[in-house]
Amino acid sequence: MATVELLFSAQPEHVRTARLVAAAVARRAGVDEAVLDEVRLAVGEACSRAVGLHRSNGVTTPVRVVLTEEEKTFSIEVGDEVPGAGVAAADAVGVPGARDTAPAEDFDDADGEDEMGLAVIRGLVDDVEVSAGEDGGTIRMSWPANPDSAFT
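Colleague: Mind laying out the confidence of the model for the protein, listing which residues take part and the relevant values?
Modeller: Of the residues in the protein, 78% have a pLDDT of 70 or more, and the chain-wide mean is 82. Within the protein, the lowest mean pLDDT, 85, falls on helix α3 (residues 113–124), and the highest, 97, falls on strand β2 (residues 63–69). The model gives residues 88–109 a pLDDT under 50, and that stretch makes 35 contacts with residues more than four places away or in other chains.

Colleague: Please give an account of a negative patch on the surface that cites residues and values.
Modeller: A surface patch of negative charge is lined by Glu38, Asp126, Asp127 and Glu129. Looking at the secondary structure, you find Asp127 in strand β4 (residues 127–133). Among the residues examined, Asp127 registers a relative accessible area of 36% and is labelled partly exposed.

Colleague: So what about the sheet that holds strand β3 (residues 73–79)? Which residues, and what values?
Modeller: Strand order in the open sheet formed by five strands is β1-β2-β3-β5-β4, and the pairing between neighbours is antiparallel. Lying at the two open borders of the sheet, with one neighbouring strand each, are β1 (2–8) and β4. Pairs of neighbouring strands in the sheet enclose a mean axial angle of 15 degrees, with direction left out of account.

Thresholds applied
Residues numbered from 1 in each chain as written. Predicted model: local features only at pLDDT ≥ 70, side-chain atom pairs only at ≥ 80, totals over all residues. Heavy atoms only, no water. pLDDT = per-residue confidence, 0-100. Helix = DSSP H or I, 4+ residues; strand = E, 2+ residues; numbered from the N terminus. Contact = heavy atoms within 4.5 Å. Patch = residues over 30% accessible without salt bridge, like charges linked within 9 Å, V, L, I, M, F, W, Y side chains within 5 Å. Areas by Shrake-Rupley, 256 points an atom, 1.4 Å probe, with all protein chains shown as cover. Salt bridge = Lys/Arg side-chain N within 4 Å of Asp/Glu carboxyl O. Lys, Arg positive; Asp, Glu negative; His and termini not counted. Charge placed at Lys NZ, Arg CZ, Asp CG, Glu CD. Buried < 20%, exposed > 50% of the residue type's maximum accessible area, 1.4 Å probe, protein only. Pairing = 2+ DSSP bridges. Axes fitted to C-alpha atoms, helices over the stretch in contact; angles between N-to-C directions.

Structure below.
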């Protein structure tokens, strides 16, 4: 299992770098060329969402992106450190600190952009998990990979 970890300050200009790294690692992992645009878009959306959450909530720690190549799957986790951020009520079952259970004044949602970003990600990725807790939130996305065909 190969892993690449990328940490970047919550600045919008760094999202492009995260997209480029994700596409390069996905290609090396054997993700189908036809799916690479979806990988780029989904990572861009997840990173933009994390940057927005950090900036609107005054969080100064870096956004974390972990890219993992396993035997038959390629996964990406984008993590923010905003407590309880980014889980709608339907997703919040059993997730402590979910945004809908926290006081509304604790979060700045930028008029629903957070929910829109999650909807876009779910439209792009078949296998996606969103979680949140006291230490922040994570979006985990995965795609099938065939490492044997990566360099053919």
